[in-house]
Amino acid sequence: MKKRGGRHFFTGGGPGLLALLLGLSACQTVKPVAPPGPREAPRALRYHVAYVREPGHALDVEVVLDQEGAQEFLFTEPGGVKTVWAFSGGGGPAEGLPVSGGRVRLPAGTRSLRYRYPLDELIRERGPGFFTGMGQGEARHLAGRTWLLRPWGASPSRRVELSLTGAEALLPWVPDAAGHYRLTAEDLVDSGFHSFGGRRCQARLPGMVLDVALVAPMRHLEEAAVCGWLERTAGQLLTVRRTFPSPRVALHVVPVEGSSRPNLFGMLMWSAPPSISLLVGQEARLDALEADWAALHELLHLTHPAFQPRTAWISEGLATYFTELARARSGRLTPVQAWTRLLEGFERGKAQAAGRTLEEMIQEDAPPGIYWVGAYLSLMLDVELRRVTQHQRGLEDVLEHLAREGPTSTPAAYGAAVDAVAGKPVFDEVLARHLREPAFAGLGGLLEALGVTPTPGGIRLHPARESLLRETLESRSASSLPAVAADERRYATVPPSSQSIPRSLERKHP
Ligand SMILES: [Zn+2]
């Protein structure tokens, strides 16, 4: 697991903030009774999942196999389940199979499996975990990577059916009318975030639906207010993209007791469809949530493809840069406030760099500096694109270009997209200009050209050689957007995407 941190650190007082959730007693590892096995292997791998509450919350999982040969299964994030019980077709006793490094080898002839993911036991032993499980009352939030055993070989042609009992769940996928999830083994590679229990609301935007799980009640907001906040936040994506980038997103809001901070942690996972989870202070008020950046930042990750390999200076740079631009374009921030935020971030990056080059910062790949190095390079590329196209095109055109190419991309394809939008090679040249100099060394000259002057009393924006270019960055009518009224843009629809993110991709955020 990659270290998380930086802009995604818990900022509200550390782990002590999270009340330990005590289960009533330990989940016992009881040798389960053999299920009535099917006579023939089904045509799909079938999961029956029960969310149980006693003696503590747990997920009881039965997997009926579609293939009888010896095979290997995997918990992507190991540690939650120690033993998987295997049943052969002959009705014999269950065989306890050890899980080692997340892997479990099934002998030939195994017809079905059973295991328990002991949610509350893990919470009691290790404390609440964003991936391993947390929640309040009857509801729990966790990541599929910890509890959902999946075939080691994730073939997109291997059918999977999953059914759930015991609680209403929010998973990345949409169930059929009977409540069954019809998936492929590839869907299980990154199975996103899951919530069991809690409340639901839906934010509907033209061409995008946010299915929201509220894992515990917010002290000062009803569900509808939570969805209203998320809908207004997601609406700002249209200051960056022409249409909403994803037809459906599952979004989990996980309130944390005792905090009034609007933002404790956030993450996007590239499940298909994508999932986002936000930890927010249970006492946070609507105005604080509306003014915060984190939900917008996570949603802005939907506007770019998943980069393989994960390249934080590009993905985090884009999300960090456009968070401030989108808020200026939507009127949430004044241009002065947006530039103030950017410059404060660049100062943090510069402090972390301590004289090192951008290239060294990228190699270090450590928050928060990598976010601001990325935002700085995004600004440099955006300015260059606007210069060479006489303000006609910018970095959001690169996002449109990449979106046409598919749901994943590479750093090289990103560079090629920048060059394609520019109409000539600029990407390597911009990088070459900045990578070997001390990080942020080029900022002073750029700010002078754009008419952004830091003063002891704050940022001053003023006419300068390229202040018109600066205004195109801040402007709601970004250069690339079609010449229609903002409201028409808002209601442009996007056809449901047939594209899906290859599930072989394991791209956590951040
Ligand atoms: Zn991010």
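The written sequence of each chain sets the order in which its residues are numbered from 1. Predicted model: local features are reported for residues with pLDDT of at least 70 only, side-chain atom pairs are reported and counted for 80 or more only, and whole-chain, interface and lining totals are derived from all residues.

The name an unreviewed UniProt entry gives the protein is Peptidase M61 catalytic domain-containing protein, with Stigmatella aurantiaca as the organism.

1. Observations concerning the overall build of the protein
Filter applied, for reference: Only DSSP runs of H or I covering at least 4 residues are called helices, and only runs of E covering at least 2 are called strands; the numbering of each starts at the N terminus. Remark: residues whose backbone-derived C-beta atoms lie within 7 Å of one another are considered to be in contact.
The number of helices and strands found in the protein is 15 helices and 23 strands. Taking contacts inside the protein between residues at least 6 apart in sequence as the whole, the part at least 24 apart equals 72%.

2. A closer look at the confidence of the model for the protein
Our working definition: Note on scores: pLDDT gives the predictor's confidence for each residue, bounded by 0 and 100.
Chain-level pLDDT for the protein is 88 on average; 85% of the residues reach the 70-or-more range. In the predicted structure, residues 478-510 sits below a pLDDT of 50 and forms 78 contacts with residues beyond four places in sequence or in another chain.

3. What to know about the sheet that holds strand β5 (residues 95-98)
In plain terms, the rule: Paired strands, in this sense, are two strands between which DSSP finds at least two bridges. A fitted line through C-alpha atoms represents every axis, and for helices the fit uses only the stretch in contact; the resulting angles, taken between N-to-C directions, go from 0 to 180 degrees.
Strand order in the open sheet formed by seven strands is β5-β4-β7-β2-β1-β11-β13, with mixed pairing between adjacent strands. The open sheet has two free edges, formed respectively by β5 and β13 (181-184), since each of these has just one partner strand. This sheet shows a mean twist of 25° between the axes of neighbouring strands, independent of strand direction.

4. Some points on the nonpolar core
Cut-off, in case you're wondering: Take the buried Ala, Val, Leu, Ile, Met, Phe, Trp, Tyr and Cys residues, join any whose C-beta atoms are within 7 Å, and the set you get is a nonpolar core. Every C-beta atom is placed from the backbone, and the number of other C-beta atoms within 10 Å of a residue's own sets its class: buried at 20 or more, exposed at 12 or fewer, partly exposed in between.
In this structure, V212, V226, L230, V253 and V373 are the most contacted members of the largest nonpolar core, which totals 143 residues. The element that contributes the greatest number of residues to this core is helix α9 (residues 369-388), accounting for eleven residues. Leave out the neighbours within four places in its chain, and L230 touches A203, L210, V212, L251 and A295.

5. Comments concerning the sheet that holds strand β14 (residues 193-196)
Spatially, the four strands line up as an open sheet ordered β8-β9-β14-β12, and their pairing is antiparallel. Every other strand in the sheet has two partners, leaving β8 (134-136) and β12 (169-170) as the edge strands with one partner each. Here two bridges tie β12 to β14, and the two strands are oriented antiparallel to one another. Bridging across to β14, A169 finds its partner in F196.

6. A short note on the packing of α9 against helix α14 (residues 467-474)
Note the threshold: Note: crossing handedness is left-handed where the near helix turns anticlockwise from the far helix by less than a right angle, and right-handed where it turns clockwise. Polar here means any residue other than Ala, Val, Leu, Ile, Met, Phe, Trp, Tyr, Cys and Pro, which are nonpolar, and Asp, Glu, Lys and Arg, which are charged; Gly is therefore polar.
Two numbers describe how α9 lies on α14: the axes approach to 11 Å, and their chain directions differ by 120°. Relative to α14, α9 is oriented so that their crossing is right-handed. Contacts between α9 and α14 involve D382, V383, R386 and R387 on the former and, on the latter, L469, T472 and L473. Considering only residue class, the contact of α9 with α14 consists of three nonpolar, one polar and three charged.

7. Digging into helix α10 (residues 395-405)
When α10 is considered as a whole, its buried residues turn out to be L395, E396, D397, V398, L399, L402 and A403. Where α10 is buried, its residues meet α9, β21 (408-409) and α11 (411-422). Just past α10, the residue G406 takes up positive phi, approximately 135°.

8. Things to note about unusual backbone geometry
Cis geometry marks the peptide bond from E54 to P55; its omega dihedral reads 0°. With respect to the secondary-structure elements, P55 resides in the loop between β1 (45-52) and β2 (58-64). Residue P273 follows A272 across a cis peptide bond; omega there is 0°. Note that P273 resides in the loop between β18 (265-269) and β19 (275-281). With phi around 50°, Q390 is a residue other than glycine that occupies positive phi space. Structurally, Q390 is set in the loop between α9 and α10. Classification of Q390 as exposed rests on a count of 9 C-beta atoms within 10 Å.

9. A few points about the pairing of β5
Pairing between strand β4 (residues 83-88) and β5: four bridges, direction antiparallel. Residue pairing across strands places V84 opposite L97, the latter belonging to β5.

10. Comments concerning the pairing of β4
Hairpin geometry of β4 and β5 is characterised by an intervening segment of six residues between the two adjacent antiparallel strands and by a positive phi of about 75° at G91. Bridge analysis of β4 against strand β7 (residues 110-117) gives four bridges, and the strand direction is antiparallel. Across the sheet, residue S88 finds its bridge partner in β7, namely T110.

11. So, the environment of A288
Structurally, A288 is set in helix α4 (residues 286-291). Put simply, A288 and N263 are 25 residues apart on the chain and 9.1 Å apart in space, counted from C-alpha to C-alpha.

12. Re the environment of R436
Relative to the assigned elements, R436 resides in the loop between α12 (427-435) and α13 (443-450). Remark: the alpha-carbon pair of R436 and E360, spanning 76 residues in sequence, is separated by 8.5 Å. Contacts of R436, omitting those with residues within four sequence positions, involve T357 and E359.

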